[in-house]
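So the chains spell out like this:
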Amino acid sequence: RKGTDPSIRAAMAIGLGLLNDRTVAKSLAHRAQDVGADPDLRGYAITALALMGDRDSEYLITAVLSTKGNPSLHRNAALALGLIGRPGSGKRIVAIMNETNDLYVKAAATIALGYLREPTSAEALAKAAVDRDSPFLARLYAVLAIGYLGDRSAAPPKLSRLAWHFNYRVSIPSVDWLTSLL
């Protein structure tokens, strides 16, 4: 509702997406399209639609990605493409990953490739993982996404998608070993 802090509204949007409450899909789509709305809220509305598996929202994602501007919005849109998981989205996501200069948009696109689990994404991820001209975190996300490609189990838990870039500073022997390779 109007007057509520945008970050609270964004959190509510993500919560509705995680609950798979499709009765609010039209409202979330409206928020995502509102160019006057807070860009973070718009991005999280897109993410919520993707968490619901709302493939009809793909046109919104494409429209957002075709605009110039807000990296936060592009980050959420790139990640949403991977969450929706439409076969063939990999080429678009690879283009986002290669064209952006924003580390977090690049990281979101990289993780999105892992969520797609398309074998054709492996080459782009492998190149990103060993590209010494890329920032360390970009290479780390590529290694993480390669792990998603190789994981034959169900998709990662939905809640882990919300904190995908906050938990890699913990010292874990396997992560330390992987980072030593980069």
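Residues numbered from 1 in each chain as written. Predicted model: local features only at pLDDT ≥ 70, side-chain atom pairs only at ≥ 80, totals over all residues. Heavy atoms only, no water.

**Here's the deal with the packing of helix α4 (residues 58-65) against helix α5 (residues 71-84)**
A pair of packed helices is characterised by two quantities: the angle between their axes and the separation of those axes.
Right, so step 1: Contact geometry of α4 with α5 gives a least axis separation of 9 Å together with a crossing angle of 145 degrees. Every pair of crossing elements has a handedness; the one defined by α4 and α5 is left-handed. Within the contact between the two elements, α4 uses E58, I61, V64 and L65 and α5 uses L73, H74, A77, A78, A80, L81 and I84.
Right, so step 2: Here the residues of the contact of α4 with α5 sort into nine nonpolar, one polar and one charged. (Axes fitted to C-alpha atoms, helices over the stretch in contact; angles between N-to-C directions. Helix = DSSP H or I, 4+ residues; strand = E, 2+ residues; numbered from the N terminus. Left-handed = near helix turned anticlockwise from the far one by under 90°. Contact = heavy atoms within 4.5 Å. Nonpolar A, V, L, I, M, F, W, Y, C, P; charged D, E, K, R; others polar.)

**Comments concerning the packing of helix α6 (residues 90-99) against helix α7 (residues 103-116)**
Right, so step 1: Relative orientation of the contacting elements α6 and α7 amounts to 155 degrees, with a least axis distance of 8 Å. Here α6 is positioned roughly antiparallel relative to α7, judged by the angle of their axes. For the element pair α6 and α7, the recorded crossing hand is left-handed. Of the residues in α7, those touching α6 at G90, I93, V94, I96 and M97 are V105, K106, A109, T110, A112, L113 and L116.
Right, so step 2: Counted by class, the contact of α6 with α7 contains nine nonpolar, two polar and one charged residues. (Parallel < 35°, antiparallel > 145°, perpendicular 65-115°, else oblique.)

**A word on the side chain of T47**
Right, so step 1: By the secondary structure assignment, T47 is in helix α3 (residues 39-51).
Right, so step 2: Among the residues examined, T47 registers a relative accessible area of 5% and is labelled buried.
Right, so step 3: Apart from residues no more than four positions distant in its own chain, T47 is found in contact with I14, N76 and L83. (Buried < 20%, exposed > 50% of the residue type's maximum accessible area, 1.4 Å probe, protein only.)

**Side note on the nonpolar core**
Right, so step 1: L28, I46, I61, I93, I96 and L113 are the most contacted members of the largest nonpolar core, which totals 49 residues.
Right, so step 2: Top contributing element to this core by residue count: α7, with nine residues.
Right, so step 3: Excluding anything up to four places from it in sequence, L113 contacts G90, I93, V94, M97, S121, L125 and L149. (Core = buried A, V, L, I, M, F, W, Y, C linked by side-chain atoms within 4.5 Å.)

**Looking at the confidence of the model for the chain**
Detail in the predicted coordinates should be disregarded across regions flagged by low pLDDT.
Right, so step 1: Residues with a pLDDT of 70 or more make up 81% of the chain, whose mean pLDDT is 79.
Right, so step 2: Within the model, the stretch residues 154-170 combines pLDDT values under 50 with 29 contacts to residues more than four positions away or in other chains. (pLDDT = per-residue confidence, 0-100.)

**With respect to the pattern of salt bridges**
Right, so step 1: Tallied over the entire structure, the rule returns two salt bridges.
Right, so step 2: Between R86 and E58 there is a salt bridge; the shortest N-O distance is 2.2 Å. Of this pair, R86 sits in the loop between α5 and α6 while E58 sits in helix α4, and the two are 28 residues apart along the sequence.
Right, so step 3: Relative accessible area serves as the criterion here: at 30%, R86 is assigned to the partly exposed category.
Right, so step 4: Owing to a relative accessible area of 17%, E58 belongs among the buried residues under this scheme. (Salt bridge = Lys/Arg side-chain N within 4 Å of Asp/Glu carboxyl O.)

**Details of the environment of R117**
Right, so step 1: With respect to the helices and strands, R117 occurs in the loop between α7 and α8 (121-130).
Right, so step 2: Under the relative-accessibility criterion, R117 is labelled partly exposed at 24%.
Right, so step 3: Between the C-alpha atoms of R117 and P87, which are 30 residues apart in sequence, the distance is 9.4 Å.

**Re α8**
Right, so step 1: Within the sequence span of α8, burial applies to S121, A124, L125, A128 and A129. The arc that holds the buried residues of α8, viewed along the axis, is 135 degrees, so those residues lie on one side. Facing away from the buried side of α8 by more than 90 degrees, the exposed set consists of E123, K127 and V130.
Right, so step 2: Elements in contact with the buried residues of α8: α6, α7 and α9 (136-150). (Arc of directions from axis to C-beta.)

**Observations concerning the environment of G69**
Right, so step 1: In this fold, G69 is placed in the loop between α4 and α5.
Right, so step 2: C-alpha of G69 to C-alpha of P39: the two residues are 30 residues apart in sequence and 10.0 Å apart in space.

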